[in-house]
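Summary of structural features
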Amino acid sequence: MDILDRSVARAPQTPLDPKKLPFGRTFSPNMFLVEWDEGKGWHDPRIVPYGPLSLAPSAMVLHYGQEIFEGLKAFRHPDGSAHLFRPDRNAARLNTSAKRMCMPEIPVELQLDAMRKLIRIDDDWVPSPPATLYVRPTMIATQEALGVHSSKSFLYFIITGPTGPYFGTSSSTVRIMVARDWVRAAPGGIGSAKTGGNYASSLLASAVAKEKGCDQVKWLDAVERRHVEEVGAMNLMFVFDGVVTTPPTSGTILAGITRESLGVLCKELKLPFVERPVHIEEVFQTLASGDCTEIFGCGTAAVVSPVGELLDGDQVYRVGDGNEGPVAKKLSETLTSIQFGTAKDTHGWMVKV
Ligand SMILES: Cc1ncc(COP(=O)(O)O)c(C=O)c1O
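Residues numbered from 1 in each chain as written. Predicted model: local features only at pLDDT ≥ 70, side-chain atom pairs only at ≥ 80, totals over all residues.

Section: the pairing of strand β3 (residues 41–49)
As a reminder, the rule being used: Here, strands pair whenever DSSP counts at least two bridges between them. Comment: elements are numbered from the N terminus, with helices defined as DSSP H or I runs of at least four residues and strands as E runs of at least two.
Relative to β3, strand β1 (residues 4–5) runs parallel, the two sharing 2 bridges. Across the sheet, L4 pairs through a bridge with R46, a residue of β3. Of the strand pairs in this sheet, strand β2 (residues 30–37) and β3 are connected by 7 bridges, and their pairing is antiparallel. Residue E35 lies in a different strand from β3, and its bridge partner there is H43.

What to know about the environment of P247
Our working rule: Note on contacts: each residue gets a C-beta atom placed from the backbone, and two residues are in contact if those atoms are within 7 Å.
Residue placement: P247 occurs in the loop between β13 (243–246) and α6 (257–268). Expressed as a C-alpha distance, the spacing of P247 and R136, which sit 111 residues apart in the sequence, is 26 Å. Contact partners of P247, with chain neighbours within four places excluded, come to H227, V228, E229, L236, I253, P277 and V278.

Brief notes about the domain arrangement of the chain
This is how the line gets drawn: Note that the domain bounds reflect an automated or database-derived domain assignment. The residue classification treats Ala, Val, Leu, Ile, Met, Phe, Trp, Tyr, Cys and Pro as nonpolar and Asp, Glu, Lys and Arg as charged. All others, Gly included, are polar.
You can read the domains of the chain as domain 1 (4–164) and domain 2 (174–339). Using only C-alpha atoms to locate each centre, domain 1 and domain 2 end up separated by 27 Å. Domain 1 puts 18 residues into the contact, and the matching count from domain 2 is 12 residues. Breaking the side of domain 1 that touches domain 2 down by element, the ones donating at least two residues are β4 (67–69), β5 (72–76) and α2 (87–100). It is α2 that provides the largest number of residues to the side of domain 1 that touches domain 2, a total of 5 residues. Of the residues assigned to the side of domain 1 that touches domain 2, the class counts are 7 nonpolar, 4 polar and 7 charged.

Focus: the nonpolar core
Put simply, the rule reads: A set of buried Ala, Val, Leu, Ile, Met, Phe, Trp, Tyr and Cys residues, joined through C-beta atoms within 7 Å, is what we mean by a nonpolar core. The burial criterion counts other C-beta atoms lying within 10 Å of a residue's C-beta, which is placed from the backbone; the residue is buried at 20 or more, exposed at 12 or fewer, and partly exposed between these limits.
Among the nonpolar cores identified, the biggest contains 63 residues, and A74, L118, I119 and F238 are the most heavily contacted of them. Each of domain 1 (4–164) and domain 2 (174–339) gives at least three residues to this core. The residues touching I119, leaving out its near neighbours within four places in the chain, are A74, A82, V126, L133, T160 and V353.

As for the pairing of β5
Burial analysis of β5 places 5 of its 5 residues in the buried class, which makes it a mostly covered element. Relative to strand β7 (residues 132–141), β5 runs antiparallel, the two sharing 3 bridges. For K73, the partnering residue across the bridge sits in β7 and is Y134. The pairing of β5 with strand β6 (residues 82–85) spans 3 bridges and is classified as antiparallel. Bridging across to β6, F75 finds its partner in H83. Between β5 and β6, which pair antiparallel one after the other, the connecting turn spans 5 residues, and G80 there sits at a positive phi close to 95 degrees.

Have a look at this one:
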């Protein structure tokens, strides 16, 4: 499908300072749009200046939350070229989310083509390391109608923006609150889809966590309230007796692309890696006994994010010595050096823009 180019050419007014780019606050000058209508399919792909969308107040997304999104990054390499990390996996996951949310799938090739063209046009907005260009593909239900049913029209768009670290703290570790009063996702629900409702339902717990000096919420399973699932925008990994351990993605957890990639890297680095349910009491006991030496989150935005402390009610559990541990450090360095093009990409993960 040919993409119409109606972009504006605009370079940043001042050079992008990689240290002064809060996450998700600056947007590149152009965006990609394509529409879907019942009986017509996807049509009119175009790149236009970034700006407000025209949406009827009756658009179904505003009432019933039929929307999905993705998040991935482009990295500036030493030779000046820009590369996306595993965009095919994000495009495939968007289609998995689409199926669950009763929305049309969008050809992976169209998604990839759109990302690459858009980033090529806004190349000046891909910052230097350690900052990156964050890419946010989104699909929303646009039919003007009330009444709960699937929309007959959709808009898919991509916006991008240069961004620094996800957690705006100077500390190298994060503090996480165990959510006892709320759950994120139940079996049979939408926890494995990347859809706005999952994030909206997490906001209250996040606000309470913030009041308690925490950066994110650690979710437990909805049925037994015992098994660790994931944190706000990251999957979780534990190091138990030298074994990197992560809960299985059993339908209530988002299947993270960073999680999947770290599993591959663990095997290469000869770090034992298992997927198995992790009981919250096991975490507390092994933190006390010293058998759990590290906990870290992983995700596109936060990359590898070591957990320094866990908060459960009034109880504070320190992880290791409260600083980044050797496994998190090794995985973080290995992954980011592939992403920034300073180590060989033996997996074909990086896609040149
Ligand atoms: C709820 C949730 N879990 C996990 C992740 C990590 O996924 P990925 O590594 O694909 O960014 C994210 C971020 O996208 C997320 O929002």
